[in-house]
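# Coordinate inspection notes
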Amino acid sequence: NNRRYPKEILERECNKYQQLIKERRALGELDHPDSSVVNLNNVSHNILEMHWKDKDLVGTVEVLGTPAGNILKELFKSGIKLGISSRGLGSVEPMQEADTVQVQPDFELIAFDFVSNPSTHGAFMRPVNEGVEQPKSENKIESIINSIMRG
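This write-up is about the structure you can find in this document. Keep in mind that this is a model prediction, so the values were computed, not measured. (Residues numbered from 1 in each chain as written. Predicted model: local features only at pLDDT ≥ 70, side-chain atom pairs only at ≥ 80, totals over all residues. Heavy atoms only, no water.)

Once that is clear, we can look at helix 2 (residues 67-77). Every α-helix carries 3.6 residues per turn, so stepping three or four residues along brings you back to the same face. The set of residues buried in helix 2 consists of A68, G69, L72, K73 and F76. The buried residues of helix 2 occupy an angular sector of 145° when the element is viewed end-on, so they sit on one face. (Buried < 20%, exposed > 50% of the residue type's maximum accessible area, 1.4 Å probe, protein only. Helix = DSSP H or I, 4+ residues; strand = E, 2+ residues; numbered from the N terminus. Arc of directions from axis to C-beta.)

This is the structure in structure tokens:
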């Protein structure tokens, strides 16, 4: 998406997001909605944990038994490769590189949503437990923000 996210801003927002994870309120939707509010009617998953692994942000997602979560489960069962993408608000400033902007300190992380085409290269889901019979399906997020910092 031609945005550069300074690492200190991402680390700050990920640290703040840990509170939502602890409160089981780190909810996400299918596709990025136009709103900055997570709409409970469209929630598909909950982030259970996330941490930095070198320069990559990784974590665990719980797919919920909501209508959108059931769509997500069916997509996974069908072998559809889905991306995961951060959703946030904030201003940007143009950089010297053509068509590139840098996210400013007012950036606020809202959620992580599943998308068909993530803006971050390599930010695709890798299922760990695909058991359909189980009430919760947990999946590993690999490289959520991988190259956002590298451009």
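There is more to say after this.
Either a parallel or an antiparallel arrangement is found when strands of a sheet pair, and the pairing is made through backbone hydrogen bonds. The three strands lie next to each other as 1-7-6, forming an open sheet whose pairing is mixed. Looking along the sheet, the strands with just one partner apiece sit at the ends: strand 1 (3-4) and strand 6 (92-94). (Pairing = 2+ DSSP bridges.)

To continue, consider the pattern of salt bridges. In this structure the tally under the stated criterion is nine salt bridges. The shortest N-O distance in the salt bridge between K16 and E13 comes to 3.2 Å. Of this pair, K16 and E13 both sit in helix 1 (residues 7-22), separated by three residues, roughly a single helical turn. In this structure E13 comes out as buried when scored by relative accessible area, which is 3%. (Salt bridge = Lys/Arg side-chain N within 4 Å of Asp/Glu carboxyl O.)

To continue, consider the pairing of strand 3 (residues 43-53). Bridge count for strand 2 (residues 27-29) against strand 3 is three bridges, and the pairing is antiparallel. For E29, the partnering residue across the bridge sits in strand 3 and is V43. Sheet analysis places strand 3 next to strand 4 (residues 56-63), joined by eight bridges and oriented antiparallel. Bridging from a neighbouring strand, W52 pairs with L57 of strand 4. Between strand 3 and strand 4, which pair antiparallel in sequence order, lie two residues; one of them, D54, sits at a positive phi of approximately 60°.

Another aspect to go through is the packing of aromatic side chains. Where two aromatic rings form a pair, the distance of their centres and the angle of their planes describe that pair. Inspection of every chain in the model, using the stated rule, returns three aromatic pairs. Arranged with centres 5.6 Å apart and planes meeting at 85°, the rings of Y5 and F107 form a pair that is edge-to-face. Of this pair, Y5 sits in the loop between strand 1 and helix 1 while F107 sits in the loop between strand 7 (101-103) and strand 8 (108-115); the two residues are 102 residues apart in sequence, bridging distant segments of the chain. The pair formed by Y5 and F107 is uniform in burial state, with each residue classed as buried. Lying across the ring of W52, K7 places its NZ or CZ 5.4 Å from the centre. (Phe/Tyr/Trp six-rings, centres within 6.5 Å; stacked < 30°, edge-to-face > 60°. Lys NZ or Arg CZ within 6 Å of the ring centre and 35° of its normal.)

Right, let's talk about unusual backbone geometry for a bit. A positive phi is found at R24, a non-glycine position, where the angle reads about 55°. The residue R24 is located in the loop between helix 1 and strand 2 in this model. Residue classification places R24 among the partly exposed residues on the basis of a relative accessible area of 46%. Here the phi dihedral of D54 falls at roughly 60°; this positive angle occurs in a residue that is not glycine. Tracing the sequence through the fold places D54 in the loop between strand 3 and strand 4.

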